[in-house]
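Now for the letters of each chain:
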Amino acid sequence: MRVKHKKWAEPLMAAHPEKMVLDPATVKGHWQDRFEKEQPIQLEVGMGKGQFIIGMAKKHPEINFIGLEIEKTVAAIALKKALPEELPNLQFICADGAELTDFFMDHQIDKLFLNFSDPWPKKRHTKRRLTYHTFLRGYEKVVRPQGSLELKTDNMGFFEFSLMSLNNYGMKFDGIWLDLHHSDENANNVETEYEHKFSELGQPIYKVSAHFDN
Ligand code: SAH
């Protein structure tokens, strides 16, 4: 997600170390201490401006959520949006999702979300896709045994690539939806910002839910 640089972004993040983690490697092994209650942790990699993860945290007080975003200004916008909500079950990280194993001990994450990840359609950028096998290896380490990954996208090419990549990695599929909004699966759906935007344009939303066979 590209947004114009905002000069308040970094100072706001620095002023809220209780909510925004800028050096997640220092918290490795201690994530539960940052939440009010010790309960399962679910993580979104590439949360954008946070609409989904904030919505999930409101809807599921029985789960601890972490939203991770690589772009500073984007992460700061999510932080600004979340602060007035005072959600004790929500934390943010501004860092690269390629480095998850530096941030989390093995099996600390209950479930992982990828929503509307950058599709990187050019073949030479394949390795940047968040479902490329190097990323899957990191996810597999940090999620609990049989831990699941849920992915939503409007991008057919990225969806096809992801299905192949998950399958080739040996993941087991729990569900595939080619038109999420017109399926039973939609009943508990929490929309992301991009999801709202693309579905307004009439585009079908694809979803896959799968788990590691670890
Ligand atoms: N999930 C949001 C945003 C989708 S845009 C939504 O559905 O509305 C994808 C986001 O992933 C962008 O904000 C981008 O900066 C972020 N991103 C891309 N690569 C990343 C990485 N390696 N680690 C963390 N975030 C990443």
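Read on for an overview of the structure. (Residues numbered from 1 in each chain as written. Predicted model: local features only at pLDDT ≥ 70, side-chain atom pairs only at ≥ 80, totals over all residues. Heavy atoms only, no water.)

Some points on the overall build of the protein chain
Tallying secondary structure elements over the protein chain gives 7 helices and 8 strands in all. For a compact globule of 214 residues, the expected C-alpha radius of gyration is about 17 Å, and the protein chain comes in at 16 Å, within 12% of that figure. For the protein chain, the spread of C-alpha atoms along the three principal axes comes to 40 × 40 × 40 Å. Buried positions account for 48% of the 214 residues belonging to the protein chain. (Helix = DSSP H or I, 4+ residues; strand = E, 2+ residues; numbered from the N terminus. Rg over C-alpha atoms; globule rule 2.2 N^0.38 Å. Buried < 20%, exposed > 50% of the residue type's maximum accessible area, 1.4 Å probe, protein only.)

Digging into unusual backbone geometry
Residue W120 is not a glycine yet carries a positive backbone phi of 40°. Following the sequence through the fold, W120 ends up in the loop between β5 (109-115) and α5 (133-142). With phi around 65°, Q146 is a residue other than glycine that occupies positive phi space. On the secondary structure map, Q146 appears in strand β6 (residues 143-153).

Structural notes on the sheet that holds strand β7 (residues 172-177)
Pairing is mixed in the open sheet, where 8 strands are placed in the order β1-β4-β3-β2-β5-β6-β8-β7. Each edge of the sheet is formed by a strand with only one pairing partner; in this case those strands are β1 (20-21) and β7. Helix-sheet contacts for helix α6 (residues 156-168) involve β6, β7 and β8 (206-211), and the interaxial angle to β8 is about 15°. (Pairing = 2+ DSSP bridges. Contact = heavy atoms within 4.5 Å. Axes fitted to C-alpha atoms, helices over the stretch in contact; angles between N-to-C directions.)

Some points on the side chain of S117
Looking at the secondary structure, you find S117 in the loop between β5 and α5. For S117, a relative accessible area of 8% puts it in the buried group. Discounting residues that sit within four places of it in the chain, S117 has contacts with L130 and F158.

Topic: the environment of S183
Among the secondary structure elements, S183 is positioned in the loop between β7 and α7 (193-200). Overall, S183 belongs to the partly exposed group, its relative accessible area being 21%. Of note is the side chain of S183, whose polar atom sits 2.7 Å from the backbone oxygen of L180. (Polar contact = N/O pair within 3.5 Å; in protein donor to acceptor, adjacent residues only side chain to side chain.)

Quick look at the layout of surface pockets
The space that makes up the largest pocket amounts to roughly 680 Å³. The wall of the largest pocket is formed by 30 residues, among which M1, G46, E69, I70 and D118 lie closest to the centre. Elements supplying a minimum of two residues to the lining of the largest pocket: β2 (41-45), α2 (51-59), β3 (64-69) and α7. Class assignment for the residues of the lining of the largest pocket results in 13 nonpolar, 8 polar and 9 charged. (1 Å grid on protein atoms, 1.4 Å probe; cavity = no way out; pocket = protein on both sides within 12 Å on 5 of 7 lines; lining within 4 Å. Points joined across faces, edges and corners; volume = space filled by probe spheres on them. Nonpolar A, V, L, I, M, F, W, Y, C, P; charged D, E, K, R; others polar.)

Some details on α2
Along α2, the positions that sit buried rather than exposed are F52, I53, I54, M56 and A57. Structurally, α2 contributes buried residues whose contacts are with β2, β3, α3 (72-82), β4 (90-94), β5 and β6.

Remarks on the packing of aromatic side chains
Each aromatic ring pair is specified by the distance between its two centres and by the angle formed by the two planes. By the definition in use, this model includes 7 aromatic pairs. Relative to F113, the ring of F52 has its centre 5.0 Å away and its plane inclined at 70°; by these criteria the two rings are edge-to-face. In this pair, F52 is assigned in helix α2 and F113 in strand β5, connecting sequence segments 61 residues apart. For F52, a relative accessible area of 4% corresponds to the buried category. (Phe/Tyr/Trp six-rings, centres within 6.5 Å; stacked < 30°, edge-to-face > 60°.)

Structural notes on the site of the ligand
G46, E69, D96, G97 and T192 are the nearest of the 19 residues found near the ligand. Contact distances for the ligand include 3.3 Å between a nitrogen atom and a backbone N or O atom of I70. A distance of 2.9 Å separates a nitrogen atom of the ligand from a polar side-chain atom of D96. In the complex, 94% of the free accessible area of the ligand, which totals 580 Å², lies under the protein chains. Put simply, the ligand lies in the largest pocket. Breaking the shell around the ligand down by element, the ones donating at least two residues are β3 and α7. Per-class residue counts for the shell around the ligand are 8 nonpolar, 5 polar and 6 charged. (Near = heavy atom within 4 Å. Areas by Shrake-Rupley, 256 points an atom, 1.4 Å probe, with all protein chains shown as cover. Sits in = over half its atoms within 2 Å of the grid points.)

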